[in-house]
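Structure at a glance
What follows is the residue order along each chain.
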Amino acid sequence: MTREQAVVPAPATWPGIAGDLVLAVFLGTVGLLYSSLALLAGALYAAYDVAVGVAARLSVPGKRRIRLAGSSTNLATPEPLPAIFFSVFLLMGTVQLWIAAITDMVEGDATPPETFVLAAVLLSMALRETLFQVKLRLTRRRSNQELQQIVEKHRHALFSSVVVLAGVFGAMAGQAWEVPVLAYLDPVAAILVALHVMLQVYRLVRRSIYGPVRTEVREEDASTFIETVQRVHGVITVDDLRAQENGHYVTVTAKISVNPKLTVMEANDIANRAKMLLLNRFSHVTDVRIQVGPYEAGYPYKSNTDADSDLPNLLQ
């Protein structure tokens, strides 16, 4: 018997991709019209978000999605072919942006952006935050691990937005304070964001080909999880427990034994209490899967599994 949460469809997936696409087109258009390389870099990162979402939703014909070990949900892993296809275009855009930024810095052709560029950056940050809040509310009923992925994605996007804002505002401040050297902050911000995009593209390709990087937790750390589960009333033994690290977060898979005379509902209640105890006690644990089995008693407790015995059960 397995205690497992139902997988809720992702209603915010395609609207989120559409929002990122609108954001990329808006930033790219304003960046081209007002010659802001930093804004073009922001558009490039928004295009990366679109590529990740589309690659995770496209499926190669004849290929089945594999459920990750130790997780109770099917995580959206990008398909290799679409991910590589999008990565090539993103890398081409990154190289072009680097060439343009370095050329402006070498030739001294960096010009401060206009006020509308700053307004566009602030508007894009507000739109990105709105999209994040919508995704957050629509994924509350899903697994904690998937929720952490959304938060991690927003953190990287926020970093790129802050760099773009610093570059645009610094270049405008340089013009106001009559410090010409600050005008180079716009192309410098473009280079930094382009480098960030390149690192994210590398991780996208690696994750799509090799899957998420998951490592086993040390034995002494896993023993702490075992002791916690054993404290749950109704758990007789913890037959097996595996904890896997996925970045900064941990997923736990455990197999416990309970009294064989318990009903299915009672066994599920014990599994749920063990799951909630792990999630509440350890903040870095984001997903728990509990398998429940009947305790196979041997000598001298074999009589406890005898349905015809009227003796009191010692395994209460």
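Worth saying up front: this structure is predicted, and the values here are computed from it rather than measured.

Moving on, we come to the overall build of the chain. Assigned secondary structure in the chain consists of 8 helices and 5 strands. For the chain, the N- to C-terminal ordering of α and β elements is β-α-α-α-α-α-α-β-α-β-β-α-β. Within the span of the chain, comprising 316 residues, buried residues form 42% of the whole. Here the contacts in the chain between residues at least 6 apart in sequence split such that 71% fall between residues at least 24 apart.

Let us look at the pairing of strand β5 (residues 285-294). Along β5, 8 of the 10 residues are buried, which leaves the element largely enclosed by surrounding structure. Direction of pairing for strand β4 (residues 249-258) relative to β5: parallel, over a ladder of 9 bridges. Of the residues in β5, the one forming a bridge with Ala 254 is Ile 290. As for the winding sense of the linkage, the β-α-β connection from β4 through helix α8 (residues 264-281) to β5 is right-handed.

Relative to the 40 Å expected for 28 residues at 1.5 Å per residue, helix α3 (residues 80-107) spans 40 Å between its end C-alpha atoms, a close match to the ideal helical length. Buried residues of α3: Pro 82, Ala 83, Ser 87, Leu 90, Thr 94, Leu 97 and Ala 101, and no others.

The subject of this paragraph is the UniProt feature "transmembrane region" (unreviewed entry) in the chain. UniProt feature "transmembrane region" (unreviewed entry): in the numbering of this structure it lies at residues 12-34, 40-60, 81-103, 115-136, 157-177 and 183-205. Secondary structure within residues 81-103 divides into 100% helix and 0% strand; the distance between the first and last C-alpha atoms comes to 33 Å. The distance separating the terminal C-alpha atoms of residues 183-205 is 35 Å; by composition the span is 91% helix and 0% strand.

Bringing helix α1 (residues 13-33) into the picture now. Residues lying three or four places apart along an α-helix face the same way, a consequence of the helix completing one turn every 3.6 residues. In this model α1 runs 31 Å from its N-terminal to its C-terminal C-alpha over 21 residues, within 8% of the 30 Å that 1.5 Å per residue would give. Those residues of α1 not exposed but buried are Thr 13, Gly 16, Ile 17, Gly 19, Asp 20, Leu 23, Ala 24, Leu 27, Gly 28, Val 30 and Gly 31. The first or second residue beyond α1 is Ser 35, which carries a positive phi of 55°.

Attention now moves to the packing of aromatic side chains. Using the criterion set out here, one finds 5 aromatic pairs in the structure. Ring plane angle 50° and centroid distance 5.5 Å describe the contact between Tyr 45 and Tyr 48, whose orientation is recorded as tilted. With Tyr 45 and Tyr 48 both in helix α2 (residues 37-57) and 3 residues apart, this pair spans about one turn of that helix. The burial state of Tyr 45 is the same as that of Tyr 48; both residues are buried. Where Phe 85 meets Phe 86, the ring centres are 5.7 Å apart and the plane angle is 65°; that geometry is what we call edge-to-face. Of the aromatic side chains, those joined through ring pairs into one cluster are Phe 85, Phe 86 and Phe 89.

So, about unusual backbone geometry. The phi dihedral of Ser 35 is positive, around 55°, even though this residue is not glycine. In this fold, Ser 35 is placed in the loop between α1 and α2. Although it is not a glycine, Glu 178 sits at a positive phi angle of roughly 60°. Since its relative accessible area comes to 70%, Glu 178 is described here as exposed.

In this section: the environment of Ala 110. The topology assignment puts Ala 110 in the loop between α3 and α4 (115-138). Look at Ala 110 and you get buried, because its relative accessible area is 17%. In this structure the C-alpha to C-alpha distance between Ala 110 and Ser 35, which are 75 residues apart in sequence, comes to 9.6 Å.

Rules and cut-offs
- Numbering of residues begins from 1 in every chain and follows the order in which that chain's sequence is written.
- Only residues with pLDDT of 70 or above have their local features reported here, since the model is predicted, and side-chain atom pairs are shown and tallied only from 80 upward, although totals for entire chains, interfaces and linings are computed over all residues.
- To obtain the side-chain values, all non-hydrogen atoms of the structure were used and water was disregarded.
- Here a helix means four or more residues in a row that DSSP labels H or I, a strand means two or more in a row labelled E, and each is numbered from the N terminus.
- Working definition: with a 1.4 Å probe on protein chains only, accessible area under 20% of the residue-type maximum means buried, over 50% means exposed, and in between means partly exposed.
- The contact definition used throughout considers only heavy atoms, calling two residues in contact when any of these lie within 4.5 Å.
- Being paired, for any two strands, means DSSP has found at least two bridges between them.
- By definition, the crossover connecting two strands over a helix is right-handed if that path, from the first strand to the second, turns clockwise as seen with the strands pointing away from the viewer.
- Between the first and last residue of a helix there are one fewer steps than residues, each counted as 1.5 Å, and that sum is the expected span.
- UniProt positions are given in the numbering used here, feature names are shortened, and annotations may be inferred rather than shown by experiment.
- The rule is short: rings of Phe, Tyr and Trp, with Trp giving its six-membered ring, pair when the centres are within 6.5 Å, and they are stacked under 30 degrees, edge-to-face over 60, tilted in between.

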